[in-house]
Amino acid sequence: MTLTIVGEAWPNSFEFETSALIEASGFREYDARWWFGHPGSARAPELNLIGVQALGMGLGTLIRRLGVGPDIVTGHDFRSYSLSIKLALVSGLMAAGARVKDIGLALSPMAYFGQFALDTPSVAMVTASHNENGWTGVKMGAARPLTFGPEEMSALRKIVLEADFDLAGGGAYEFVSGFRETYLDDLTRGKRVARKLKVVCACGNGTAGAFAPEALARIGCEVIPLDVELDHTFPRYNPNPEDMQMLHAIGKKVLETGADVGLGFDGDGDRCGVVDNEGNEIFADKVGVMLARDISSLHPGSTFVVDVKSTGLFATDHVLKANAAVTDYWKTGHSYIKRRVAELGAVAGFEKSGHFFFNPPIGRGYDDGLITAIAVCQMLDRNPQSSMADLYRALPLTYGTPTMSPHCADEVKYGVVERVVADFEAMQREGADFAGQKIAALVTVNGVRVVAEDGTWGLVRASSNKPELVVVVESPVSSERRRQMFEAVDAVLRRSPEVGAYNQTF
């Protein structure tokens, strides 16, 4: 197969129907993500169905070379084009000799569960996760419960772009019927809450609407549905519980109904956002601290992994210290945190984006928004005298921001971050003031987290799946110090003209 890599190839053309379009930039650090487009889109697509078929050939080839066997589970999220993309991927996988087990419409964690339940080592889940309509992608893995990291993604990219396929043939296809019930049965088995909890379940009209309400009802919650009807136009907002628009909608519904908690799920159901009974949005890293307190009280000496965007409370909280909990700060990204949790044998891993990873006895090591939701309900069940707001107020007060993402093109974003890191390192060497204080520490495991003497910090890193940078700020001191840090960090970013406007601020 000849692959054509072009800057623009439009639908309704001979070239688009006869060549494989697959932009190199879509092979990201730990999954694949492309702009596929939709009717009426004015933006040139980065991928066509022939390109997806080539991706399947490349993935099947890579799995063969890794020596993990030909069996692979696949599923797709609820978008107008996801099923066709999955079937194109399947045709490529089968050409490379893969034996495909298709679980149909699914959440990403349902596909990861399929690796265990169907005794299938590899996975290819067609999903754009929380990206807006028009995006597509594939989350892949060949060693449960892990997903690909940079090494595997680089190898896949090389195979596909060089058309270096092993097309052994002999592939097979099986549709696994009834797998939704299998997944929900496993998810809720033995899990009941005695406390009568009224729970707002928000799905943004994404895939989770077919799963989350029933899962919460099965454990004994009174479910108040919010945008759970499947509608791939996402008529109200993009299903992303890290975006304030979705969190505000959940908060409003909680206050209207007197719910005990609001739980929101992203487009492929691997993340969960939380709003307390007073309508306050609780950023996912703070939810992580609350769950870490709960888990470490049951399992003293627990190890937790958190990403560098997360609150400093994981290192300073007195309850976690009293429970002898140990926290490891690591690279942002579901694949990185998942791998680190496995390496350290941690009980759980938490990302500020809402990806939470639970090892036994809670989960199997992969990220599942429904497992997170159930864990939150069980935490409330174990604290019958406390509301969600009470548990939130019990945390030491810090002043954090949502995740803020200024636009920055994929081709230049990593170079921009390198310059930002160099600027901060120079300031630290020179003993310069930054945001009114000396720089106490720089954490450069993933971008740069600059820490002031009073513990106020700001993070800059490149987004792994969109043409954006990521900025997060937190202060244990005051909202004013938070503002000072943000403005100082933003001033450094503005030295690079490639950095555009933020998607949201505070």
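Our subject is the structure that appears above.
Figured I'd write up the structure that's included with this text. Note that the coordinates shown come from a computational prediction; the quantities given were computed from them, not determined experimentally.

### Brief notes about the overall build of the protein chain
Per the secondary structure count, the protein chain includes 16 helices and 23 strands. Within the protein chain, the proportion of its 506 residues that are buried is 61%. Counted over contacts in the protein chain with a minimum sequence separation of 6, partners at least 24 positions apart contribute 69%. Only carbon and sulfur atoms are counted for the fraction: they give 52% of the accessible area of the protein chain, which is about 18,000 Å². Each charge sign in the protein chain was given a centre, from 49 positive and 62 negative side chains, and these centres are 3 Å apart.

### What to know about the side chain of Arg 482
Structurally, Arg 482 can be placed in helix 16 (residues 479–493). Among buried charged residues, Arg 482 stands out as having no salt bridge; its nearest opposite-charge side chain is Glu 480, 8.8 Å away. With sequence-adjacent residues up to four places away left out, Arg 482 is seen in contact with Tyr 399, Gly 400, Thr 401, Val 473, Ser 475 and Phe 506.

### Section: the sheet that holds strand 21 (residues 448–452)
In space, the six strands of this open sheet follow the order 18-23-22-21-20-19, with antiparallel pairing throughout. With one partner strand each, in any of the chains shown, strand 18 (399–400) and strand 19 (433–434) form the two edges of the open sheet. Direction of pairing for strand 19 relative to strand 20 (residues 437–443): antiparallel, over a ladder of two bridges. Bridging across to strand 20, Phe 434 finds its partner in Gln 437. Sheet contacts for helix 16: strand 18, strand 19, strand 20, strand 21, strand 22 (457–462) and strand 23 (469–475); angle to strand 23, the most-contacted strand, approximately 150°.

### Remarks on the sheet that holds strand 16 (residues 348–350)
With mixed pairing, four strands are arranged side by side in an open sheet as 15-14-16-17. Since the sheet does not close on itself, it has two edges, and those belong to strand 15 (326–330) and strand 17 (356–358), each with one partner. Here the strands of the sheet are splayed against their neighbours by 15° on average, with no regard to which way each runs. In terms of strand pairing, strand 14 (residues 303–307) meets strand 16 through three bridges, oriented parallel. Among the inter-strand pairings, Val 305 is bridged to a residue of strand 16, identified as Gly 349.

### Structural notes on the layout of surface pockets
Its boundaries defined by the atoms lining it, the largest pocket holds a volume of some 510 Å³. Tallied by class, the residues present in the lining of the largest pocket amount to four nonpolar, 17 polar and twelve charged. When its volume is computed, the second largest pocket comes out at roughly 370 Å³. Taken together, 23 residues line the second largest pocket, and the ones lying closest to its centre are Glu 281, Lys 286, Tyr 392, Leu 397 and Thr 398. The residue inventory of the lining of the second largest pocket, partitioned by class, reads eleven nonpolar, four polar and eight charged.

### Topic: the packing of aromatic side chains
In total, this model carries 16 aromatic pairs according to the counting rule given. Through a chain of ring-to-ring contacts, the aromatic side chains of Phe 304, Phe 314, Phe 350, Phe 356 and Phe 358 assemble into a single cluster. A cation sits over an aromatic face here: Arg 144 above Phe 116, 5.9 Å from the ring centre. In this structure, Arg 180 packs its charged tip against the face of Phe 211, placed 5.7 Å from the ring centre.

### A word on a nonpolar patch on the surface
Side chains of Leu 83, Leu 87, Tyr 173 and Phe 175 sit close together on the surface and give an oily, nonpolar patch of about 380 Å² of accessible area. Looking at the nonpolar patch, the elements that each hand over two or more residues are helix 3 (82–95) and strand 8 (172–175). On the secondary structure map, Leu 87 appears in helix 3. Residue Leu 87 is classed as partly exposed on the basis of its relative accessible area, which comes to 43%.

### Observations concerning empty space enclosed by the protein
Here the structure, examined in full by the defined rule, presents two cavities of 30 Å³ or more. In this model, the largest cavity occupies a volume close to 120 Å³. Lining the largest cavity are 15 residues, with Pro 241, Glu 242, Phe 283, Ala 284 and Lys 352 sitting closest to its centre. Of all the secondary-structure elements, those providing two or more residues to the lining of the largest cavity are strand 12 (272–276) and helix 9 (284–298). A total of three residues in the lining of the largest cavity trace back to one element, the largest contributor, which is strand 12. Considering only residue class, the lining of the largest cavity consists of nine nonpolar, four polar and two charged.

### A word on helix 5 (residues 150–161)
Across its twelve residues, helix 5 extends 16 Å between first and last C-alpha, which sits within 8% of the 16 Å expected from 1.5 Å per residue. By the burial criterion, the buried members of helix 5 are Met 153, Leu 156, Ile 159 and Val 160. Projection of helix 5 onto a plane perpendicular to its axis shows the buried side chains occupying an angular sector of 125°, all on one side. Phi turns positive one or two residues past the end of helix 5, at Ala 163, with a value near 50°.

### Examining the pattern of salt bridges
Scanning the model with the defined rule gives 40 salt bridges in all. Taking the shortest distance from any N to any O, the salt bridge between Glu 214 and Arg 218 comes out at 2.8 Å. A residue pair is termed a helical-turn pair when its members lie 3 or 4 positions apart in one helix, as Glu 214 and Arg 218 do in helix 7 (residues 212–218) at four residues. Overall, the relative accessible area of 27% leaves Glu 214 in the partly exposed class. A relative accessible area of 23% places Arg 218 in the partly exposed class. Via salt bridges that share partners, Arg 180, Glu 181, Asp 185, Glu 214 and Arg 218 belong to a single interconnected network.

Reading the values: the criteria
- Throughout this description, residue numbers start from 1 for each chain and increase along the sequence as written.
- Only residues with pLDDT of at least 70 are given local features in this predicted model, and only at 80 or more are side-chain atom pairs given and counted; all residues enter the totals for whole chains, interfaces and linings.
- Water and hydrogen atoms play no part in the side-chain values, which are based on all heavy atoms of the structure.
- By the criteria applied, helices consist of DSSP H or I runs no shorter than four residues and strands consist of E runs no shorter than two, each listed in order from the N terminus.
- Think of it in three bands: residues with accessible area under 20% of the maximum for their type are buried, residues over 50% are exposed, and the middle band is partly exposed, with areas taken using a 1.4 Å probe on protein chains only.
- Note on definitions: a residue-residue contact is assigned when non-hydrogen atoms from the two residues lie within 4.5 Å.
- The accessible surface values rely on the Shrake-Rupley method and a 1.4 Å probe; as for residues, cover is taken only from the protein chains in view.
- Positive: Lys, Arg. Negative: Asp, Glu. His and the chain ends are not part of the count.
- Here the site of a charge means atom NZ of a Lys, CZ of an Arg, CG of an Asp or CD of a Glu.
- What makes a salt bridge here is a side-chain nitrogen of Lys or Arg within 4 Å of a carboxyl oxygen of Asp or Glu, nothing more.
- For two strands to be treated as a pair, DSSP must find no fewer than two bridges joining them.
- Axis lines are fitted to C-alpha atoms, over the contacting stretch for helices. Their N-to-C directions set the angle, which ranges from 0 to 180 degrees.
- A pocket here means an open set of points on a 1 Å grid, computed over the protein atoms alone, that has protein on both sides within 12 Å along at least five of seven lines. A cavity is instead a set of points where a 1.4 Å probe fits but cannot get out; residues with an atom within 4 Å of a point line either one.
- Grid points are joined across faces, edges and corners, and a volume is the space filled by probe spheres set on the points.
- Here the term charged refers only to Asp, Glu, Lys and Arg, the term nonpolar to Ala, Val, Leu, Ile, Met, Phe, Trp, Tyr, Cys and Pro, and the term polar to all other amino acids, Gly among them.
- Pairing of aromatic rings covers Phe, Tyr and Trp, the last counted by its six-membered ring, and requires centre-to-centre distances within 6.5 Å; plane angles under 30 degrees mean stacked, over 60 mean edge-to-face, and any other angle means tilted.
- By definition here, charges over rings are those cases where NZ of Lys or CZ of Arg is within 6 Å of the ring centre and within 35 degrees of the ring normal.
- Exposure above 30% relative accessible area and no salt bridge define the residues that can form patches, which grow by joining like charges within 9 Å and nonpolar side chains of Val, Leu, Ile, Met, Phe, Trp and Tyr within 5 Å.
- One fewer than the residue count of a helix, multiplied by 1.5 Å, yields its expected span.
- The directions from the helix axis to the C-beta atoms form the arc being described.

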